[in-house]
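# Structure at a glance
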Amino acid sequence: MKLFGTRDRAAPADKPGKVANGRKAFEKQPLRDRIITFYAEDGGSWPHFEPIITALVANGRSLSYLTSSPDDPVLSTDRPGVRPFFIGDGVGRAMAFQMMEVGVLVATVPQLGISVLPRSRFGAKLGTQYVYVFHSMASTHMIYEPDGFDHYDTVCCVGPYMVDEIRARERLAHLPAKELVEHGYGRLDTIVAAANAGPRDRADGELPTVLVAPSWGPTCIFETVGVDLIRTLLDGGCRVIARPHPMTSKRTPDAIPAIEAAFTGHPQFVLDRDIAATGSLAASDVMVSDWSGAALEYAFGLERPVVFIDVDRKVNNTAYGELGIEPFEAEIRERIGAVVGVDHLADVLSVVHRFADEAGEWQHRLRSERDAAIFNVGRSGAVAAAMIAAKADAFVKAQRS
C-alpha cells in the first residue's frame, strides 16, 4: 500500500457523533491518516490519552482514535486533529486488530497478542510499533495478568518502580528487552494542573469531607463493608462523598443500590457516579480507599492523605511474588496515609479527623513522595508525544525507502 498514492484516497470519516462509522470506515482511510492510531477500550481511556493527544495536535499531528464504547465522549466531540471510529468489541475488535495497518498503535489495554486482541498480521512487514500507556499508577505485576505487557514494543512507565518490575519480568520469562520510556502519568498531570492541590479551605466548624473511592471486585469496600463504613463516618461527624467504580455496578449490581437505600436523603451524603470528573476530589479533605489506583492519584495529585481499609489484596497474578518486588501500591500506603483493619472501622474516624487537622503537613510530605516516585510530573504528555511523533516519522521514512 502506497503511503501517499491515489489508491489511498478515501472519503472523510463520518462526523463525530455517528457511532456507526466503524471499522470499515477506519480501514478505508489512507494510510497517512492511520500512521498514529489510539485505541480506547472504553470512555475512561480519554483522560489518560488526552495530555498526549493534546501535545501531538499542538505540534501539527493528526491521528485516528478507535474506541470499543458507543458512549465514548470522543465520538460526540469535535476535536481538531482527532478522527474517531467506533469498532465495538468481541469478534469485530479482534478482526480490526488482526487486519490493522498503522504506523504506531497506542493503547491502555493489557494483554496485547492474545486471541481476542491480536497483533496485526501485517504489523511486522509494515514495522508497526505498539505502545502501552498506563491507566493506573499501580505496579505492573499484582493487579495485571503476568503477560500483560509482554507483547508491546514500548511501555510508557509511570515511575522507576515500573522499570524495575518489567525488567525483572523479562529476566524471569526470558523475554527480549522492550523499550521502556520514562513517561509519567497524564491523569496525575491533569489533576495537578487543576490547581486544587493542598488543603481545602474549610470554614471554622465545617465538617471534614471524606471521599470514599475504592476499587471494584468481591473483596473491595463497597462489595463488603460499604454501608458500615459510610454509616460510621456519617455518625462520627463527617460529610461523605461515595464514588463507586463503574465496574462495581456491572460486576456486583446490588452493592450501590444497597448504599443508596441506606443513605439517600441524608444531608451529609452524596453519591457521585462520574469517575472521570475531579469535582469530588477537590471537595474532599481525605480519601478512604482500598487497592484503588485512584488513591495514588488523589494523594499525589491533590497532596491530601488517604485512609486505606485493609481488605484483601486485589490480585490478578497469583505469582507476583516471584519477582521479589513488593508492589508500589502496597509499600507506599503508610507513607501517603494510614492503614485501618477491616475489623476496626471505628478507628477510621480518629484518623480522618487527625488527617484533616494536619492537612498542611501532609501536603509537603506527599509532594516529596510524588516527586521521588513519578516521572515528569506536569509534562508527561509532551514526553510521550515526542516519542510517538518520532516513531511516526521513522515509519513514514521506512515506507518511502
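This one's a predicted model, so the numbers in the text were calculated from it and none came from an experiment.

This brings us to the pattern of salt bridges. The final tally for this structure, using the stated rule, is 23 salt bridges. With a closest N to O distance of 4.0 Å, Arg354 and Glu358 form a salt bridge. Arg354 gets classed as partly exposed once you look at its relative accessible area, which sits at 40%. Between Glu361 and Arg365 there is a salt bridge whose closest N-O contact spans 2.6 Å. Of this pair, Glu361 and Arg365 both sit in helix 15 (residues 359–373), four residues apart, roughly one helical turn. Of the residues examined, Glu361 reaches a relative accessible area of 45% and is grouped as partly exposed.

To continue, consider the environment of Pro305. Looking at the secondary structure, you find Pro305 in the loop between helix 12 (294–302) and strand 12 (306–310). Judged by relative accessible area, which is 2%, Pro305 ranks as buried. For the pair Pro305 and Gly337, spaced 32 residues apart in the sequence, the C-alpha separation amounts to 5.0 Å. In contact with Pro305, other than residues within four places in its own chain, are Asp285, Val286, Met287, Tyr298, Ile336, Phe355, Trp362 and Leu366.

Across the sheet, which stays open at both edges, the seven strands sit in the order 3-2-1-4-5-6-7 with parallel pairing between neighbours. With partners counted over all chains shown, the strands left at the sheet margins are strand 3 (82–86) and strand 7 (179–182), one partner each. Ignoring strand direction, the axes of neighbouring strands in this sheet form an average angle of 20 degrees. Where strand 1 (residues 36–40) meets strand 4 (residues 104–107), four bridges bridge the pair, whose relative direction is parallel. Among the inter-strand pairings, Tyr39 is bridged to a residue of strand 4, identified as Ala107. Each of strand 1, strand 2 (63–67), strand 3, strand 4 and strand 5 (129–133) is contacted by helix 2 (residues 46–58), which is oriented at about 165 degrees to strand 1, the strand it contacts most.

Procedures and definitions
Every chain begins its residue count from 1, and numbering advances along the sequence as written. Predicted model: local features are reported for residues with pLDDT of at least 70 only, side-chain atom pairs are reported and counted for 80 or more only, and whole-chain, interface and lining totals are derived from all residues. Each side-chain value is derived from all of the structure's non-hydrogen atoms; neither hydrogens nor water enter the calculation. Should a side-chain nitrogen of Lys or Arg be within 4 Å of a carboxyl oxygen of Asp or Glu, the pair is scored as a salt bridge. We call a residue buried when its accessible area falls under 20% of the maximum for its residue type, exposed when it is over 50%, and partly exposed in between, using a 1.4 Å probe and counting protein chains only. Each helix corresponds to a stretch of at least 4 residues labelled H or I by DSSP, and each strand to a stretch of at least 2 residues labelled E; elements are numbered beginning at the N terminus. Pairs of residues are marked as contacts when any of their non-hydrogen atoms sit within 4.5 Å. The pairing criterion is simple: DSSP has to find at least two bridges between the two strands. A fitted line through C-alpha atoms serves as each axis, taken over the contacting stretch for helices, and the angle formed by two N-to-C directions is quoted from 0 to 180°.

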